[in-house]
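# Per-entry structural report
Here is how the chains run, residue by residue.
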Amino acid sequence: MYLTRFRLNTARPGARRLLSTPQAMHAAVMSSFPNLLPTADQTPRVLWRLDRNATAEVLLYVVSPHRPDLTHLVEQAGWPAAAASGTLGWQTYAYAPFLERLDKGTVWNFRLTANPVHYARTKDDQPTTKRTAHLTPEHQLRWLLQRQDTSGFRILGKPRDRQLTEHGDEHQAIVRDQRSLDFGKRGTRGRVTLTTVTYDGRLEVIEPDALRRVLTAGLGKAKAYGCGLMTLAPVG
C-alpha cells in the first residue's frame, strides 16, 4: 500500500478544470495507474481526497495498492518547471510500515472527508426508502459516531469544562466544509447529487485490524468521488 500527496497549482487552468467536478479528478487519479484496468475489482481500492487548507493550497491525497505515476498531473495542474529540476512533483510513501505500527490504545489526530447518508422512506405509508444526505452537523457527526464500533476506533470525548454547549459538543471532532455537488454522470444522461463534509478530530485505536481496513478500503459511500479516505497524524 502507498500514500501519495500532490499539491495542485490552483493558478493553472488544468487544476481548476480538475477541481470543477469529482468525476474529472477521479479520472485523473485512476490514470496514474497504467496497469490497473478501469473494470478491475480493486481489493483494496484506490481512495483519494482533496484537502483545501487555504485558497491557494489544495492537496490531493491518494491511498492505493500500487505506486502511482502523477507525471500527467504535474503537467496539467502542478509545477512542471520545478519537476524538471529533478524533483518528481509529488511524494509517495510506503503505507504498510505505518499501518503495522497501529497499536490498540494509541491516540491520533484524524481527518476524513465523507458522504454521510441515511435511508428515509419516500412516503410515510410505504416501505420504499431513498438514500438521503444528512444536512446538519449534529446528524453528520452522529453518522460517524455510529460507525466507531465496526471501524476499530473511538472518537475521544471532551472534558466537561471544554464543552461549549450543554448538548452536542461532547466529542473531540468538528464537522466542516460542507459541499453540495451536482454533476452529470459520465456516459449516461443521469446526474450525481451528493453532499460531502470533512471531519477533523482525535481518536483512539480500539481494534487495529478493523481500523487498517478503514484506512485502506474507505468509510461510507461515494468513494469514487473523493469520499471515504481517512488519514491519521501524530498528536502533539
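Below you will find a few notes about this structure.

### Overview of the layout of surface pockets
In this structure, the largest pocket occupies an estimated 350 Å³ of space. Surrounding the largest pocket, 25 residues form its lining, Leu 50, Arg 52, Arg 179, Leu 181 and Thr 196 being those nearest its centre. Breaking the lining of the largest pocket down by element, the ones donating at least two residues are helix H1 (13-19), helix H2 (22-30), strand S2 (47-54), strand S5 (107-114), strand S9 (173-184) and strand S10 (191-205). Taken together, the residues that form the lining of the largest pocket break down as 11 nonpolar, 7 polar and 7 charged. By volume, the second largest pocket amounts to about 290 Å³. Lining the second largest pocket we find 19 residues, and of these Leu 3, Tyr 61, Thr 231, Leu 232 and Ala 233 sit closest to its centre. Counting only elements with at least two residues in the lining of the second largest pocket, the list comes to strand S1 (2-8), S2, strand S3 (57-64), strand S4 (91-94), S5 and strand S11 (230-234).

### Remarks on the nonpolar core
Residues Phe 110, Leu 144, Leu 203, Leu 211, Met 230 and Leu 232 are the most contacted members of the largest nonpolar core, which totals 30 residues. Looking at this core, the elements with two or more residues in it are S3, helix H5 (96-100), S5, helix H6 (137-145), strand S8 (153-155), S10, helix H8 (208-217) and S11. If sequence neighbours within four positions are ignored, Leu 144 has contacts with Phe 110, Leu 112, Phe 153, Ile 155, Tyr 199 and Leu 219. Phe 6, Leu 36, Leu 50 and Ala 77 belong to the second largest nonpolar core, which has 22 residues in total.

About the thresholds
- Residues numbered from 1 in each chain as written.
- Predicted model: local features only at pLDDT ≥ 70, side-chain atom pairs only at ≥ 80, totals over all residues.
- Heavy atoms only, no water.
- 1 Å grid on protein atoms, 1.4 Å probe; cavity = no way out; pocket = protein on both sides within 12 Å on 5 of 7 lines; lining within 4 Å.
- Points joined across faces, edges and corners; volume = space filled by probe spheres on them.
- Helix = DSSP H or I, 4+ residues; strand = E, 2+ residues; numbered from the N terminus.
- Nonpolar A, V, L, I, M, F, W, Y, C, P; charged D, E, K, R; others polar.
- Core = buried A, V, L, I, M, F, W, Y, C linked by side-chain atoms within 4.5 Å.
- Buried < 20%, exposed > 50% of the residue type's maximum accessible area, 1.4 Å probe, protein only.
- Contact = heavy atoms within 4.5 Å.

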